[in-house]
Every structure is written in structure tokens, then in C-alpha cells.
Amino acid sequence: MLHEIVHRCDELLNTAAIVDYSGAHNGLQLESGGKVTRIAAAVDAGEAVIHKAVACGCDLLIVHHGLLWSPLRFTGATYRKIKAAMDHGLAIYSSHLPLDLHPTLGNNAQLSRALGFEAWTPAFPYKGQPIGLKVDASVSVQELRCKLEAILGGPAHLAPGGPGTTRRIGIVSGGAGSEIAQVVDEGCDTFITGEGPHWSYTAAEELGVNVFYGGHYATETFGVKALAAQLAAEFSVPWEFIDHPTGL
């Protein structure tokens, strides 16, 4: 069943067509014997997450941040992670930008829908493809903050550089805080992302933009959950989310 699920993931996410960072290695990163009886979803393929997935009896782990961002040296933590997964028949599938930008399962679409927005436009091009979205909505910044914090389950830091009531909101999950100039180019007065560099706060003030930093981890839990839930329904296997927050 593993390869049928992997094929379905690649098909759903249009993996082959999405240009990503060179270290992303989207798709099946670690194979197993092929049996899938329980799916785990997580943001990161960290050592602690792999051990939790094994302890839960999962044999497929779907993540947003995969195993292989650094050069291919199977030593130290990388060796330990791969050994633990292989010893227990745990396959690992990773999807980075394909899962960010997917129009229904993606982190941005899922976050937007959770905020109550149903209509949006793809935006924020990266290498010829939109990796975020924008939505025209009039909502007070404080109301938006309350909704966002309820959805994320924690505080959202605000750079209050823009108007008190939004007109157009941009959303890019993860670490897109450095894209303040692009936020302005997209005509947005408010931007929701995970994290950004120190200078992005003052840049937001100077450019007249509100920026919510909701946490890199917190803004990227949505896609893996949505993908795992859909696969579980299609292939009649249970799934669970392994929460291992970084607080960042």
C-alpha cells in the first residue's frame, strides 16, 4: 500500500511540477517494506518525532520538513533517525512547498479557511509559482489577532504598522517575514506569517503594514493534518498528529 499512497500524495500535491529549495527533497524520503496500517503526521522529521511515531505503531510518517536538508552524510542524528525508522518499518514522506501552496490541503489555504475566509487569490510568487495567498477582507486587527491566536493555540506577535481595520490580508506560512516589500507590492496592508528577521518589524512600521508572526511551527501544522486526513479516508487507515512544538 505504501507506493499507492506515495503515488496519490505526489498526484494530489503536484510534486513533480513544484520548484522548491534544493534541500527539500519532496516525496518519499525513506522506504519501508510497503505495509501501511497507521499514518502519523508531523511538522518536522526530528528524532523525537520519529520515536513518537514508532511508539504509536505508525508505519508511515508524513512531514513538512523532511530528513535531508543538510548535505547527505548519514552520521550523528541523521544516522540515528534513519536507523530508528528502518528498524521499525517506518516510511517517511516529506512535502515542503507543494504542501504550502496546495489550493485546498495547503498550510495557507487551511489557515485562511480556519480564519473564516473562503475566497482568496494565489499570491507571493517564488520561482514562478505563488507560494502564498491574499484575501480581501475588512476586519479589525484586534479581532483578527484573537481569531489567529485561538486557531494557533498561542500568542501571535504583532508589528502594528498598518491600519486598525484590514483591507487586504496576505498569508504565507513558515518563515516569510522578510518578504515585507512583496507584501506591499501585493497591495496588502496586513500580513500573516510564521516568523521573520529582526529588521522586518521596523520595516513593517515604515511601510505601513501590520505583520502577525504566529510561529513557524504553529502556522505549518495545518497541511500535514489535512493531507493525512484525506489519505486516511481514501485508504481506510487511521491517522494521528504528532505534536512536537518548537515555540518558534
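Residues numbered from 1 in each chain as written. Predicted model: local features only at pLDDT ≥ 70, side-chain atom pairs only at ≥ 80, totals over all residues. Heavy atoms only, no water.

## Some details on the sheet that holds strand 7 (residues 157–160)
An order of 5-6-8-9-10-7 is seen for the six strands of this open sheet, with the pairing classed as mixed. Of all the strands in the sheet, just strand 5 (121–126) and strand 7 have a single pairing partner and so form its edges. Adjacent strand axes in the sheet meet at a mean angle of 25° when their direction is disregarded. Bridge analysis of strand 7 against strand 10 (residues 210–213) gives four bridges, and the strand direction is antiparallel. Bridged to L158 within strand 10 is F212. Against the sheet, helix 8 (residues 199–207) contacts strand 7 and strand 10, and its axis sits at roughly 35° relative to strand 7. (Pairing = 2+ DSSP bridges. Helix = DSSP H or I, 4+ residues; strand = E, 2+ residues; numbered from the N terminus. Axes fitted to C-alpha atoms, helices over the stretch in contact; angles between N-to-C directions. Contact = heavy atoms within 4.5 Å.)

## Looking at the nonpolar core
Core analysis: the biggest nonpolar cluster contains 21 residues, and I39, L60, I62, Y93, L227 and L231 have the highest contact counts within it. Going through the elements one at a time, helix 1 (2–13), strand 2 (39–44), strand 3 (60–65), strand 4 (91–94) and helix 9 (222–235) are the ones with two or more residues in this core. Take this core: its biggest share by element is six residues, from helix 1. For I62, the contacting residues outside a window of four places in its chain are I39, A40, A41, A42, Y93, V224, L227 and L231. (Core = buried A, V, L, I, M, F, W, Y, C linked by side-chain atoms within 4.5 Å. Buried < 20%, exposed > 50% of the residue type's maximum accessible area, 1.4 Å probe, protein only.)

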